[in-house]
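# Observations on chain architecture
Here are the chains, one letter per residue:
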Amino acid sequence: MLRYVMPVVIGLVYVGLNSLVPEPHRRRLNALVVTGAGAAYISGGGFGLWELAFCVLLVVVGYAGLTSYTCIGLGWLLHTAWDVMHHRRGTPIIPSVHDSSFGCALCDPVIALWCFAGGLSVKDLYHRLRRPAADTCTPVPAG
């Protein structure tokens, strides 16, 4: 059970800590982090030169992420797919922790969802979810 819960908690902690970084620095920081995530598997070499190609792909996505949280979210979903492939191949992100790629594959989508929501701070996200929709139609009494 813990192997499923902890990666999600780690993703939520990541989001919470990012809330402390003001915009636009938060978006730029996350673009850099997702770019770096592309290089996480290079030393393991589970997929040979494809590891370098994936790294280049995440550099491109991360560069686009400098101006777009959607691109950052896409990068995290691409990394999720890479995590799954490494887990199935038996070449984890942390060689001494067998399920590390599995955990990363659960953590990354949490971060991606946050990015697709606009990378809002926890406070702003809470207020957005609590605020009633401004565009709802309410009947006007005839009179």
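All of the points below concern the structure found in this document. (Residues numbered from 1 in each chain as written. Predicted model: local features only at pLDDT ≥ 70, side-chain atom pairs only at ≥ 80, totals over all residues. Heavy atoms only, no water.)

In this structure, glycine 45 sits in the loop between helix 2 (25–37) and helix 3 (50–65). Along the backbone, glycine 45 and threonine 91 are 46 residues apart, and their C-alpha atoms lie at a distance of 8.2 Å. (Helix = DSSP H or I, 4+ residues; strand = E, 2+ residues; numbered from the N terminus.)

Within the largest apolar cluster, 18 residues are counted, with the highest numbers of intra-cluster contacts made by Ile72, Trp76, Ile111, Trp114 and Cys115. Counting residues per element, the ones that place at least two in this core are helix 1 (2–18), helix 2, helix 3, helix 4 (69–89) and helix 5 (100–116). The element contributing the most residues to this core is helix 5, with five residues. In contact with cysteine 115, other than residues within four places in its own chain, are Tyr69, Thr70, Ile72, Gly73 and Trp76. (Core = buried A, V, L, I, M, F, W, Y, C linked by side-chain atoms within 4.5 Å. Buried < 20%, exposed > 50% of the residue type's maximum accessible area, 1.4 Å probe, protein only. Contact = heavy atoms within 4.5 Å.)

This brings us to unusual backbone geometry. That bond from glutamate 23 to proline 24 is cis: its omega, 0 degrees, falls within 30 degrees of zero. As for its position among the elements, proline 24 is in the loop between helix 1 and helix 2.

Within the secondary structure, aspartate 83 sits in helix 4. A polar side-chain atom of aspartate 83 sits 2.6 Å from a polar atom in the side chain of tyrosine 41. (Polar contact = N/O pair within 3.5 Å; in protein donor to acceptor, adjacent residues only side chain to side chain.)

Now for the packing of helix 3 against helix 4. Two elements in contact, helix 3 and helix 4, have axes whose closest approach is 8 Å; the angle formed by their N-to-C orientations is 160 degrees. Classified by the angle their axes make, helix 3 and helix 4 are roughly antiparallel. Like other packed secondary-structure pairs, helix 3 and helix 4 cross with a definite hand, here left-handed. Mapping the contact onto sequence places Trp50, Glu51, Phe54, Leu57, Leu58, Val61, Ala64 and Gly65 in helix 3 and Cys71, Ile72, Gly75, Leu78, His79, Trp82 and His86 in helix 4. Considering only residue class, the contact of helix 3 with helix 4 consists of ten nonpolar, four polar and one charged. (Axes fitted to C-alpha atoms, helices over the stretch in contact; angles between N-to-C directions. Parallel < 35°, antiparallel > 145°, perpendicular 65-115°, else oblique. Left-handed = near helix turned anticlockwise from the far one by under 90°. Nonpolar A, V, L, I, M, F, W, Y, C, P; charged D, E, K, R; others polar.)

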